[in-house]
Amino acid sequence: MSEAQDKGAAGSKTKSASSGKKKSRHDFVDGDRYAPAPESSEHVVVKDSYDLFIGGDWIRAPKRTETRNPATGEVLSEVGEAGPGMVKKAVAAARKAYEETWSTMPGRERGKYLYRLARLIQERAREFAVLETMDGGKPIRESRDVDLPLVAAHFFYYAGWADKLDYAFPGRTAHSIGVIGQVIPWNFPLLMAAWKLAPALACGNTVVLKPAETTPLTALKLAELIEEAGFPPGVVNVVTGGGKTGRHLVRHPDVDKVAFTGSTEVGKMIQRDLAGTGRRYTLELGGKAANIIFDDATVNQAVEGIVNGIFFNQGHVCCAGSRLFVQEGIADTVVRKLKRRMDNLVLGDPLDKNTDVGAINSQEQLDRIKVLVDSGSEEGAKCWQSGQKLPRKGFWFKPTIFTECAQSHQIVQKEIFGPVLAIQTFRTPEEAVEKANNTPYGLSGGVWTDKGSKIFKITSQIRAGVLWANTFNKFDPASPFGGYKESGVGREGGLQGLAPYLDLR
Ligand code: NAP
Ligand code: MG
């Protein structure tokens, strides 16, 4: 156990992640076609209990809440639930650190801390990936190969800007803002923390971060790493708890800016909370991305892209390609190939390296998916589910498609945030664009065609912040991400992601 972990243990026992009853491979009935290849969790230390990270100390909140592994239902740990007093303490610690150290420190010095943190994340990537999978239920292949490399890349990228802020915005002087309150969701817990923390800190701001209630562990482990990297106390504070804790943070008058990623519903509540206060905010909200396949596309490649866009990571992706528009002439072929591919997906133990589809994050999310899927059949769409058997314990949902959908169906209009795809056909490019834009969201989308000119034409007509062509769900820290319409306000990533954390004069 590292010194930092030792210090933060607050008298709690530690245990290996794999302690307790050994899992038999029959707890996960699918994946039987491949020999099991589980990633070891022996090296991951999960404490029985975690405190709040405030002002460089670990402070015990009187109220506690449990976090579970959604693939097994097993309790992993308990964390503190920060009430208004603890949130106030965290904001005060962030203000002190802002005024006394972080905002007055030269940018090159701030950059050194961020580089150090990025390197530590790389060194400990495997441990973080396993913990992310255990706490959230996503396949280890995703957390190991997508989340963790992007987390480190974000810190490296923004570390590089820390001493170049005046060059980033020529002709203007860049000033930090102050204390930032950041609230993040459960689908990419560590990556969302990185998207928020890296630019805020590079710009000289200090932070109070609130992770989601069901996935607090990697943010707390990141706090341990921040401590290990020697950041001045109070520069980053982590307060755990549910929506109420988030609300206390958003409403705190000494928070200069709120950065939120989550549902459109809560985003609107935050806008109402902040209206008239003059305090800033950026919001990354929900989506209902359209994947459009033209009849000149390479069908096998497109099918793989659709599967990647909605079924890997159980559709727990804000930019998931949850609506599919197929040109009429190839619709039968695409649906047939898609069903075959869906039947071959490996669903089961998220820690197994073969797994494509992991667990649904929580019972609450599973219930939400079921209600919307039921509405699809009730409203007249045709449902088809893949043939995997679901594990007996934990929260699971089969990859599901709907054909014969109408634009008015709830499964076409509402964000499901699960492995559920609504398929419609179109005849002309104009019809595809009109249908794709017929949504209150505008986060992302995809176009599949052999013709470059068609890519430019269609993507310029789709009202969404991110569009991929002949690929899907590709990210880079240097490229901005964010939504149109009800998908959000502001951008994260790239230069555009720096600006909201600066006062440019
Ligand atoms: P959510 O319910 O809106 O929660 C997001 C975060 O806000 C959680 O930490 C939550 O706490 C907290 N929260 C809840 N009520 C709050 C309030 N009144 N004031 C302040 N904070 C509050 O969203 P979710 O279900 O966790 O995440 C899924 C959503 O996130 C989807 O809609 C998805 O599209 C969106 N998302 C968007 C992006 C993007 O970049 N656009 C990226 C990822 C996810 P608790 O969870 O602890 O209750
Ligand atoms: Mg959990």
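Model, not experiment: these values are computed from the prediction. (Residues numbered from 1 in each chain as written. Chains lettered and ligands numbered in written order. Predicted model: local features only at pLDDT ≥ 70, side-chain atom pairs only at ≥ 80, totals over all residues. Heavy atoms only, no water.)

Right, let's talk about the sheet that holds strand β6 (residues 64-68) for a bit. Read from one edge to the other, the open sheet built from three strands follows the order β3-β7-β6, with strand pairing classed as mixed. The open sheet has two free edges, formed respectively by β3 (49-50) and β6, since each of these has just one partner strand. Across five bridges, β6 lies against strand β7 (residues 75-80) in antiparallel orientation. If you follow T67 over to β7, its bridge partner there is S77. Against the sheet, helix α8 (residues 217-228) engages β3, β6 and β7, with an angle of about 65° to β7. (Pairing = 2+ DSSP bridges. Helix = DSSP H or I, 4+ residues; strand = E, 2+ residues; numbered from the N terminus. Contact = heavy atoms within 4.5 Å. Axes fitted to C-alpha atoms, helices over the stretch in contact; angles between N-to-C directions.)

For a regular strand, the rule is simple: side chains alternate between the two faces of the sheet. Strand direction decides the pairing type here: strand β16 (residues 382-385) and strand β17 (residues 400-403), joined by four bridges, are antiparallel. Each residue of the ladder has a partner; that of Q385, found in β17, is T400. When β17 meets strand β18 (residues 420-426), the two strands line up parallel, connected through three bridges. Among the inter-strand pairings, T400 is bridged to a residue of β18, identified as V420.

Only T67 (OG1), R68 (O), D135 (O), D135 (OD) and T214 (O) from the protein coordinate the magnesium ion (ligand 2), and they sit 2.2 to 2.6 Å from it. Counting gaps between the donor residues of the magnesium ion (ligand 2) yields the pattern T-R-x66-D-x78-T. You can see R68 sitting in strand β6 and its partner T214 sitting in the loop between β10 (206-210) and α8, a full 146 residues away along the chain. Relative accessible area serves as the criterion here: at 40%, R68 is assigned to the partly exposed category. (Donors = N, O, S within 2.8 Å, 3.2 Å for Na, K, Ca; no water. Buried < 20%, exposed > 50% of the residue type's maximum accessible area, 1.4 Å probe, protein only.)

Mapped onto the secondary structure, V317 falls in the loop between α11 (299-310) and β15 (323-327). Considered as a pair, V317 and G376 are 59 residues apart in the sequence and their alpha carbons are 20 Å apart. Excluding residues within four positions of it along the chain, V317 makes contact with N187, F188, F417 and N473.

Once that is clear, we can look at the state of the cysteines. On inspection of all chains with the given rule, the structure shows zero disulfides. With no disulfide of its own, C319 has C318 as its nearest cysteine by sulfur position, at a separation of 4.4 Å. For C319, a relative accessible area of 1% gives the class buried. (Disulfide = S-S within 2.5 Å.)

On to the domain arrangement of the chain, then. Domain boundaries assigned for the chain yield domain 1 (43-285 + 488-504) and domain 2 (290-479). Measuring from the centre of the C-alpha atoms in domain 1 to the corresponding centre in domain 2 gives 30 Å. Counting residues at the interface gives 34 residues for domain 1 and 32 residues for domain 2. Both sides together, the interface formed by domain 1 and domain 2 hides about 2500 Å², and carbon and sulfur atoms give 62% of it. Inspection of the domain 1/domain 2 interface yields one salt bridge. Here R141 ties to D356 by a salt bridge, and the two come within 2.9 Å at their closest N and O atoms. Seen at the junction of domain 1 and domain 2, the total is eight residue pairs in polar contact (both at pLDDT 80 or more). The set of elements that each furnish at least two residues to the side of domain 1 that touches domain 2 consists of α4 (125-136) and α5 (140-161). (Domains from an automatic or database assignment. Buried area = accessible area lost by both parts, 1.4 Å probe. Salt bridge = Lys/Arg side-chain N within 4 Å of Asp/Glu carboxyl O. Polar contact = N/O pair within 3.5 Å; in protein donor to acceptor, adjacent residues only side chain to side chain.)

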